[in-house]
Amino acid sequence: NGESGSFALRIVAYSSYLEAEGNTVVDPDYAELPDLAVLEFSSDSPDEETYPSLTIADESANYGDSIAMVGYPAPGSDPREAILSISTGIISATEHTLSSWGAGTFYQTDSAINGGNSGGPMVTNKGEVIGVVESKITYENIENIGYAVTSMTLRSFLADAGLTLAS
């Protein structure tokens, strides 16, 4: 309601970066599990000075670029009690595909990713969003290998939804 620091949102567009061969979706169930969504404020919106907007990068990140992941990796049962967490790292592999994850491109990072980080932004030291946190590798004895959907996949998603970014 603005006074409490919370704001009502509505979904503008949602979809998945599902894999298709020709006009056939490889895994039809995947289409029912959206990966990305665009939200907008449905009533009062936050003051831009207090809550500045993030910018989606229009260039790809490079190997070795410094990044930060923002999220709530250890949420409790009450989301209002979740603690914001920021972890830092680098891009350890640039845009690539993961065949079992659909048609989007991903950055690999050594930044710590935990449950609750998914959906949070991956940002540069300039404050630009270069990705959205997706997942981490969970194999035995492997640590700090995580993935984020690239800003190029985000831009493609927005274009497919008929949305444009504000300048």
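What counts as what
- Residues numbered from 1 in each chain as written.
- Predicted model: local features only at pLDDT ≥ 70, side-chain atom pairs only at ≥ 80, totals over all residues.
- Heavy atoms only, no water.
- Core = buried A, V, L, I, M, F, W, Y, C linked by side-chain atoms within 4.5 Å.
- Buried < 20%, exposed > 50% of the residue type's maximum accessible area, 1.4 Å probe, protein only.
- Helix = DSSP H or I, 4+ residues; strand = E, 2+ residues; numbered from the N terminus.
- Contact = heavy atoms within 4.5 Å.
- pLDDT = per-residue confidence, 0-100.

**Re the nonpolar core**
In step 1: Core analysis: the largest hydrophobic core is formed by eleven residues, namely Ala57, Ala61, Ile67, Met69, Ile91, Tyr107, Ile113, Met122, Ile130, Val133 and Ala148.
In step 2: Of all the elements in the fold, those that place two or more residues in this core are strand E6 (66-71) and strand E10 (128-136).
In step 3: Non-local contacts of alanine 148, meaning those with residues more than four positions away in its chain, are made with Thr105, Phe106, Tyr107, Met122, Gly131, Val132, Val133 and Glu134.
In step 4: Listed in part, the ten residues of the second largest apolar core include Val123, Val129, Val132 and Leu154.

**With respect to the environment of threonine 55**
In step 1: For threonine 55, the location among the structural elements is in strand E5 (residues 55-56).
In step 2: For threonine 55, a relative accessible area of 46% gives the class partly exposed.
In step 3: Excluding its chain neighbours within four sequence positions, the residues that come into contact with threonine 55 are Gly127, Glu128 and Val129.

**What to know about the confidence of the model for the protein chain**
The predicted coordinates of low-pLDDT regions are not to be read in fine detail.
In step 1: Considering every residue of the protein chain, the mean pLDDT works out to 76; 74% of them sit at 70 or more.
In step 2: Per-residue pLDDT, averaged within each element of the protein chain, yields its smallest value for strand E2 (residues 20-21) (55) and its largest for strand E9 (residues 121-123) (91).

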